[in-house]
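# What the coordinates show
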Amino acid sequence: MIRSLYILGQQSNVIYSKEYAKSESGEGLVEFLVNFAHFISSVDLEGKTEYMGFSGTRIFYAARRDFVFMFVADKADDTAQIEERMTQLVDAFIKDFATLAEANLPLEGLDAKVDEIAVTMVKVAILGYAGVGKTTTLHLLRGETLPLVHDPTIGVSIKKLPDEVQNANIVLWDLAGQSRFSILWAKMIANAQVVIIVTDSTLENVLRSKKLVSLVKEEVPEAKVIGIANKQDLPTALTPERVGQILGIATYELVAIDISYRDRLIQIIRKAILEGKGEAKPVPA
Amino acid sequence: MPQAIFVVHLDDYQGFVVEKRHPFSFSLNEKILNLIFYEHEKEEKENLRYSEIDNVRIVSFVDRARPRWMACFVLTADEDYEGLKEEIPGMGRLIIELMVENPELVHLDEILESHSSLGEASEEQRYAQIFLTPSSGLVLEKIENEGVERAAKLSIWLKSQVQSDSVDLRESILPLMDSGIVNVEIIGKGIEAVFLVKDVFAYRAPPVEAITKARKSMPGLAAQYQQRVAEFFAPPPPSRGYNPTIPSDDPNSPLVEDREKIARVLSKKIEYKVLTSLRDEPLSVREISNRTLLQEEIVQNALFSLESENVAAQIGEGIWALVTNPIMESFIPEFVLPLIADKLSNDEITPEIARRHLEILAEKWSGEQ
């Protein structure tokens, strides 16, 4: 994921910047980038995009005419994808904004163009057996009123999260939990960056759900897997810690019918996206 | 005739996307798309399914080579599904192929009206798949050298060749099995053996039939056409022309590269249909369109693609002809007989495996000689 983006001009001055995620390096990063841009403008990159590691992130850079372009991205990001976006940004900037920048005129429309290029789509799959509250979790995430009648999902229901999380559009794939639809699961979770395995916190269901963890790890080994111990308001519910122990993944408590859990759940997803392949850490309640 | 057609693509991020529909006013919901997809996944071998969902009668087609696409035909209340069983797969195959290769050429109404379609993969198209799957090509070379080999040993060899444990022999060997080049059988106490049954040769042949016909039907163009072909196969020195029979051990030799090109040309379903129509004689775009039932725009596009591969060329005003005729042919692998004998005398294979190999070769080739 692109955390921030910088375009520097002739004197290595920042003519445009946008930050999508807070960086630990903060001001120090900008200072470094300005000095680094000065160096870049003195070497010939032959029109290519290069990258280097920097304080847990990766800095991608390219130069064209008198401008230097930089992305600060996560280490786990696909290099080819980021390079392609860099090419898109450089081409769009040189075509429509370079002359304006040289004349010190306002860069109208650049912000929208940058969003178009830098905002990514993140697929979050919600998996679990029938009746554990997957669709209710989807409604919770979307801030929707819960339907009064239970209407089982057919195949898959795909909805967007209304708010952007960092610079990502989150697409939620709510997979039908009925066993007849289990033949679709492997195909439907393809390319998911985050998979949420929802359980109803009963021992029987949690034990069954272990199979889902294996399926996800086999089909999308790159995805971040999160366990959800739903229905914590019921007396038979196992604790999230116990559910997590059984599933072998970081697991969080949830009462999907309680709207107060919404922000916390979004924070969990946000953290999972940011951490990429790393282990998710529990978000304090 | 179906009252509506829609083409659905399962996108990893956006889910089911209706990429094209006819008529445009025809509407669908997520439930219908989900259930059609589910029906196909339930029975993976079947590529044609009939469903009745919310009083809508739908026949859907999936090409297993393009698993994320579905071409769906909505039948009227009194339409007979059985009567359309033959026709719909061909139309579906064409629609999906065009959607993947050249979506702007998909005009569903025209396809429906003209009954344009694509047939199932021919034998040479199945051979082509071998050279489009790099690990299959490797396995073929190995089995050509060995004649017969244990699957377990072949698997270890393949992993060492590609330096990866994730390579799956089953996937690599599938195009070889589909095209009948190898047989895989369990012999004796659980020994899985891979037998070479046929070998395959890819080359560009001179389009002799088309030239002969051109001499009769278009004498004014025939000399020019022949000259064009001769320039490719036997150009004046110092150029060496094209001779696929010269042996080459160099994996980077132009002939090995050309074999891949031939495989690519043959595997492209639309180009292949146009190519086969030109094997007989030179034709105009309209004539090709009439014979193949493909729209002229699609034919023209395929011809440009064949031209870029040195397969077809325009030899006169609006007349197209083959300059080279890409062919993949199988032949009896006689060279395996001494290999079997050697392996048997060196105890590398059991008498049972040797006997079975000879049986398979006899079964395969005795009827075809």
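Residues numbered from 1 in each chain as written. Chains lettered and ligands numbered in written order. Predicted model: local features only at pLDDT ≥ 70, side-chain atom pairs only at ≥ 80, totals over all residues. Heavy atoms only, no water.

### Some thoughts on the interface of chain B and chain A
Contact residues are listed per partner, giving 16 residues for chain B and 19 residues for chain A. Carbon and sulfur atoms supply 61% of the area that chain B and chain A bury against each other, a total of about 1,600 Å² over both sides. On the chain B side of the interface with chain A, the three residues burying the most area are D12, Y13 and Y38 of chain B, jointly 42% of the side's total. There are one salt bridge connecting chain B and chain A. For the salt bridge of E41 of chain B with K187 of chain A, the shortest nitrogen-to-oxygen distance reads 3.1 Å. Applying the counting rule to chain B against chain A returns nine residue pairs in polar contact (both at pLDDT 80 or more). Here the side of chain B that touches chain A takes eight residues from helix 1 (residues 30-42) of chain B, the largest share from any one element. The residue makeup of the side of chain B that touches chain A, split by class, is six nonpolar, three polar and seven charged. (Contact = heavy atoms within 4.5 Å. Buried area = accessible area lost by both parts, 1.4 Å probe. Salt bridge = Lys/Arg side-chain N within 4 Å of Asp/Glu carboxyl O. Polar contact = N/O pair within 3.5 Å; in protein donor to acceptor, adjacent residues only side chain to side chain. Helix = DSSP H or I, 4+ residues; strand = E, 2+ residues; numbered from the N terminus. Nonpolar A, V, L, I, M, F, W, Y, C, P; charged D, E, K, R; others polar.)

### Considerations on the domain arrangement of chain A
For chain A, the assigned domains are domain 1 (2-118) and domain 2 (121-275). On a C-alpha basis, the centroid separation for the pair domain 1 of chain A and domain 2 of chain A is 36 Å. (Domains from an automatic or database assignment.)

### Describing the packing of aromatic side chains
Each pair of aromatic rings is reported with the distance of its centres and the angle of its planes. Residues and elements named next belong to chain A. Under the definition given, this model contains 15 aromatic pairs over all chains. Where F36 meets F39, the ring centres are 6.1 Å apart and the plane angle is 25°; that geometry is what we call stacked. Pair noted here: F36 and F39 are both in helix 1 (residues 26-40), with a separation of three residues, about one helical turn. Overall, F39 belongs to the partly exposed group, its relative accessible area being 46%. Here F69 and F93 contribute two aromatic rings whose centre-to-centre distance is 5.4 Å and whose plane-to-plane angle is 75°, an arrangement assigned as edge-to-face. Of this pair, F69 sits in strand 5 (residues 67-74) while F93 sits in helix 2 (residues 79-96), placing them 24 residues apart in sequence. When its relative accessible area of 1% is taken as the criterion, F93 is described as buried. Counting every residue linked through ring pairs, the aromatic cluster contains F32, F36, F39 and Y61. (Phe/Tyr/Trp six-rings, centres within 6.5 Å; stacked < 30°, edge-to-face > 60°. Buried < 20%, exposed > 50% of the residue type's maximum accessible area, 1.4 Å probe, protein only.)

### Some points on the pattern of salt bridges
Residues and elements named next belong to chain B. Applying the stated criterion across every chain, the model contains 29 salt bridges over all chains. With a closest N to O distance of 2.9 Å, D258 and R204 form a salt bridge. One end of the pair, D258, is in helix 11 (residues 254-267); the other, R204, is in strand 9 (residues 199-205), and 54 residues separate them in sequence. In this structure D258 comes out as buried when scored by relative accessible area, which is 11%.

### Observations concerning the pairing of strand 12 (residues 319-322) of chain B
All names here are of chain B. Of the two faces of strand 12, both are covered, the one formed by I319 and A321 as well as the one formed by W320 and L322. The pairing of strand 10 (residues 283-284) with strand 12 spans two bridges and is antiparallel. Bridge assignment links L283 to a residue of strand 12, and that residue is W320. Alignment of strand 11 (residues 312-316) against strand 12, held across four bridges, turns out to be antiparallel. Bridged to Q314 within strand 12 is W320. Connecting the antiparallel pair strand 11 and strand 12 is a turn made up of two residues, with G318 showing a positive phi of about 75°. (Pairing = 2+ DSSP bridges.)

### Focus: the nonpolar core
Grouped together as the largest cluster of nonpolar side chains are 97 residues, with contacts concentrated most on I95, L140, I181, Y225 and M328 of chain B. Per element, the largest residue contribution to this core is seven residues, and it comes from helix 3 (residues 87-101) of chain B. Within the second largest apolar cluster, 48 residues are counted, among which are V225, A229 and I246 of chain A together with I58 of chain B. (Core = buried A, V, L, I, M, F, W, Y, C linked by side-chain atoms within 4.5 Å.)

### Re the domain arrangement of chain B
Interfaces are often described in size by the accessible area the parts lose on coming together. Residues and elements named next belong to chain B. Segmenting chain B into domains produces domain 1 (4-114), domain 2 (123-198 + 332-366) and domain 3 (201-329). On a C-alpha basis, the centroid separation for the pair domain 1 and domain 3 is 34 Å. Each side of the interface is counted separately: domain 1 has 11 residues, and domain 3 has eight residues. When the two sides are added together, the surface that domain 1 and domain 3 hide from each other amounts to roughly 930 Å², 58% of it contributed by carbon and sulfur. When residues of domain 1 are sorted by the area they lose upon contact with domain 3, E97, L105 and S114 head the list and together hold 46% of the total. Joining domain 1 to domain 3, the criterion identifies two salt bridges. Between K269 and E97 there is a salt bridge, and its shortest N-O distance comes to 3.9 Å. Applying the counting rule to domain 1 against domain 3 returns three residue pairs in polar contact (both at pLDDT 80 or more).

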